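Structure assessment
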Amino acid sequence: MTDKTTTLTELKKHIQDFSDARGWRKNENAKDLVMALTVEAAELAEIFMWLHSDEVDSIKENPETFEHTQEELADVFWYLCRICEHFDIDISKAVENKTEKNAKKYPIKE
Ligand SMILES: [Mg+2]
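Let me begin by describing the structure that accompanies this report. (Residues numbered from 1 in each chain as written. Predicted model: local features only at pLDDT ≥ 70, side-chain atom pairs only at ≥ 80, totals over all residues. Heavy atoms only, no water.)

Some details on the overall build of the protein
What counts is decided by this rule: Helix and strand definitions here come from DSSP, where helices need a minimum of 4 consecutive H or I residues and strands a minimum of 2 consecutive E residues; each element is numbered from the N-terminal end. Put simply, the radius of gyration uses C-alpha atoms, and a globule should come to 2.2 Å times the residue count raised to 0.38. Each accessible area is a Shrake-Rupley estimate made with a 1.4 Å probe; only the visible protein chains count as cover when residues are assessed. The charge count includes Lys and Arg as positive and Asp and Glu as negative, but it does not include His or the ends of the chains. By convention, the point assigned to a charge is CZ for Arg, NZ for Lys, CD for Glu and CG for Asp.
A count of helices and strands for the protein gives four helices and zero strands. In sequence order, the protein lays out its α and β elements as α-α-α-α. Its C-alpha atoms give the protein a radius of gyration of 17 Å, more than 25% over the compact-globule value 13 Å for 110 residues. Projected onto its principal axes, the C-alpha coordinates of the protein cover approximately 45 × 45 × 30 Å. In the structure as shown, the protein presents an accessible area of about 8900 Å², 56% of it carried by carbon and sulfur atoms. Side-chain charges of the protein comprise 15 positive and 24 negative groups, with the mean position of each set lying 9 Å from the other.

Given below as structure tokens:
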């Protein structure tokens, strides 16, 4: 599974199927999913917490730290997808709509 070979729909289904197989979606609620997303985002931030801004990009040179970063990003994405599924939100449409709003709010300066 890679970004080049996997559609967003396939990835969301992969997450749903994994969660369904473990019964995780039976008792899910939006509050818990949002809390989980927040915790995972904090776990991602923790990796960078005490690094000087000059050091941040060097995490890619440490295989263990880089792998940990990828895992936390996957966890964040995981809960983002589950929240979208819970509310039946089309994230592609939401991003498009937000981009249109941002384009009006932050016009390109000529
Ligand atoms: Mg995590």
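Still to come is the rest of the account.
Here we look at helix H2 (residues 30-48)
Test applied: Helix span, expected: 1.5 Å multiplied by one less than the number of residues in the helix. We call a residue buried when its accessible area falls under 20% of the maximum for its residue type, exposed when it is over 50%, and partly exposed in between, using a 1.4 Å probe and counting protein chains only. Arc definition: it is the arc formed by the directions from the helix axis to the C-beta atoms. Residues count as neighbours in contact if any of their non-hydrogen atoms are within 4.5 Å of one another.
For H2, with 19 residues, the first-to-last C-alpha span of 28 Å sits near the 27 Å given by 1.5 Å per residue. Taken residue by residue, H2 has Ala-30, Leu-33, Ala-36, Glu-40, Leu-44 and Ile-47 as its buried positions. Along H2, the residues classed as buried sweep out an arc of 130° about the axis, all on the same side. In H2, the exposed positions that point more than 90 degrees away from the buried face belong to Lys-31 and Glu-46. In this structure, the buried residues of H2 make contact with helix H3 (63-87).

Quick word on the coordination of the magnesium ion
Short version of the rule: Water is absent from the atoms considered, so a metal site may look incomplete; donors are defined as N, O and S atoms within 2.8 Å of the metal, or 3.2 Å for Na, K and Ca.
Around the magnesium ion, the protein contributes the donor atoms Glu-40 (OE), Glu-43 (OE), Glu-72 (OE) and Asp-75 (OD), which lie 2.1 to 2.2 Å from the metal centre. Considered as a linear motif, the donors of the magnesium ion on their single chain read E-x2-E-x28-E-x2-D. Here Glu-43 is found in helix H2, whereas its partner Glu-72 is found in helix H3, with 29 residues between them in sequence.

Comments concerning the pattern of salt bridges
Opposite charge on two side chains permits them to pair, given that their charged atoms come into close proximity. Put simply, the rule reads: Here, a salt bridge means any Lys or Arg side-chain nitrogen found within 4 Å of an Asp or Glu carboxyl oxygen.
Evaluation of the coordinates by the stated rule reveals six salt bridges. We note a salt bridge from Glu-85 to Arg-25, for which the minimum N-O separation is 3.8 Å. With Glu-85 in helix H3 and Arg-25 in the loop between helix H1 (8-21) and H2, this pair connects stretches of sequence that are 60 residues apart. The class for Glu-85 is partly exposed, based on a relative accessible area of 30%. We note a salt bridge from Glu-28 to Arg-82, for which the minimum N-O separation is 2.9 Å.

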